[in-house]
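Chains, contacts and geometry: an overview
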Amino acid sequence: MGRGKQPAFAVAYYRVSTAEQGQSGLGMEAQQATVRAFAEARGWKLIAEHQDVASGKTDNRPGFLAALAECRRMGAFLVAAKLDRITRRAHALSALLEEGIRPRTADMPDADDLMLRVYAAMAQRERELISDRTKAALAAAKARGTKLGGDRGNRPAAPPDAKAAAAARIDTADRAAFRVMPAIRELREGGAASLHALADGLNTMGVPTPRGGTWTATAVRRALARAEGAEA
């Protein structure tokens, strides 16, 4: 589609995966700044902005559905910071394109519909390969008798003072970081190299975070830094 035929309107969509990211606002704010700058550079008028705090594994998200409705009504682009903020499923993207929805992303500003289809298919295949490698690594770990999991130690019910409480938290975090390292090593042996791949692998393996939430690239980086710092 040529630049002169592109619609003048755009609908922004933002998504973060965890409640912690949603409450902090940091993930949303970064996406908002990126998308607004992208729309401005393209000369598009943002007529609506929608957001969700939800996993990308499902497309039944209220903010996403509202954004689609606005795109249909106004013939607008659906604009996001990255394609996986919109959907992580190649067939879902194809369905949107077939319907006439025009997703565009700030990280691939010159990508057309065909390029988006190819990118989505490749990203989905990579996730499938990571999942297969993770399952194989988990099976190998279980066969060797490796115990995987988060920190199961007891925590003091009422710390005597703030200093002691801080020390207890540091100790708990250190132990949790060490306990997750066997799983991280298994994932790396299975081919997971990036922080995002490690986070996906830990989630697939069912390894809980120190606080019981979902692993993210940031959480993996912190665990690695803590474990390496304690060993230094």
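Residues numbered from 1 in each chain as written. Predicted model: local features only at pLDDT ≥ 70, side-chain atom pairs only at ≥ 80, totals over all residues. Heavy atoms only, no water.

**What to know about the overall build of the protein**
Filter applied, for reference: Segments assigned H or I by DSSP are reported as helices when at least four residues long, segments assigned E as strands when at least two residues long, and all are numbered from the N terminus. For the exposure calls, accessible area comes from a 1.4 Å probe over protein chains only, and a residue counts as buried if that area is under 20% of its type's maximum, exposed if over 50%, partly exposed in between. The contact rule is simple, with two residues in contact once any of their heavy atoms fall within 4.5 Å. Each accessible area value is a Shrake-Rupley result obtained with a 1.4 Å probe; residue values ignore everything except the protein chains displayed when judging cover.
Scanning the protein for helices and strands turns up nine helices and four strands. Reading the secondary structure of the protein in the N-to-C direction produces β-α-α-β-α-β-α-α-β-α-α-α-α. Residues counted as buried form 38% of the 232 residues belonging to the protein. Across the protein, contacts joining residues at least 24 apart in sequence account for 66% of those joining residues at least 6 apart. With an accessible surface of roughly 12,800 Å², the protein has 53% of that area assigned to carbon and sulfur atoms.

**Here we look at the pattern of salt bridges**
Two side chains that carry opposite charge are able to pair once their charged atoms sit near each other. Stated formally: Put simply, a salt bridge is a Lys or Arg side-chain nitrogen that is within 4 Å of an Asp or Glu carboxyl oxygen.
Per the stated rule, a full pass over the model turns up 10 salt bridges. The closest approach of N and O atoms between E70 and R73, which form a salt bridge, is 2.6 Å. Remark: R73 and E70 occur in helix α3 (residues 62–74); sequence separation between them is three residues, near one turn of the helix. Looking at R73, the relative accessible area reads 59%, which means it is exposed. One salt bridge connects R102 with D113, and the closest N-O pair in it is separated by 1.9 Å. Of this pair, R102 sits in strand β4 (residues 102–105) while D113 sits in helix α6 (residues 113–143), and the two are 11 residues apart along the sequence. Look at the salt bridges and you will find they share partners, linking D59, R61 and R89 into a network.

**What to know about the sheet that holds strand β2 (residues 45–53)**
For the record, the criterion: In short, DSSP must find at least two bridges between two strands for them to pair. Only the contacting stretch of a helix is used when fitting its axis, a line to C-alpha atoms as for every element, and angles between N-to-C directions run 0 to 180 degrees.
The four strands lie next to each other as β2-β1-β3-β4, forming an open sheet whose pairing is parallel. The sheet terminates laterally at β2 and β4, the two strands that pair on one side only. The average angle at which neighbouring strand axes cross in this sheet is 25°, direction not considered. Summarising the sheet, strand β1 (residues 9–16) and β2 pair through eight bridges and their orientation is parallel. Note on β2: the bridge partner recorded for Y14 is Q51. Strands β1, β2 and β3 (77–80) of the sheet are contacted by α3, whose axis makes an angle of about 160° with β2.

**Re the nonpolar core**
It is characteristic of soluble globular proteins that their nonpolar side chains tend to be buried jointly. What counts, and what does not: Throughout this description, the term nonpolar core refers to a set of buried Ala, Val, Leu, Ile, Met, Phe, Trp, Tyr and Cys residues connected via side-chain atoms within 4.5 Å.
Counting 18 residues, the largest nonpolar core has V180, I184, L202, V207, W215 and V220 as the members making the most contacts within it. Ignoring any residue separated from it by four or fewer positions in sequence, one finds I184 in contact with L198, L202, V220 and L224.

**Observations concerning the environment of A219**
Here A219 is to be found in helix α9 (residues 217–231). Along the chain, A219 and T209 lie 10 residues apart, while their C-alpha atoms are 7.9 Å from each other.

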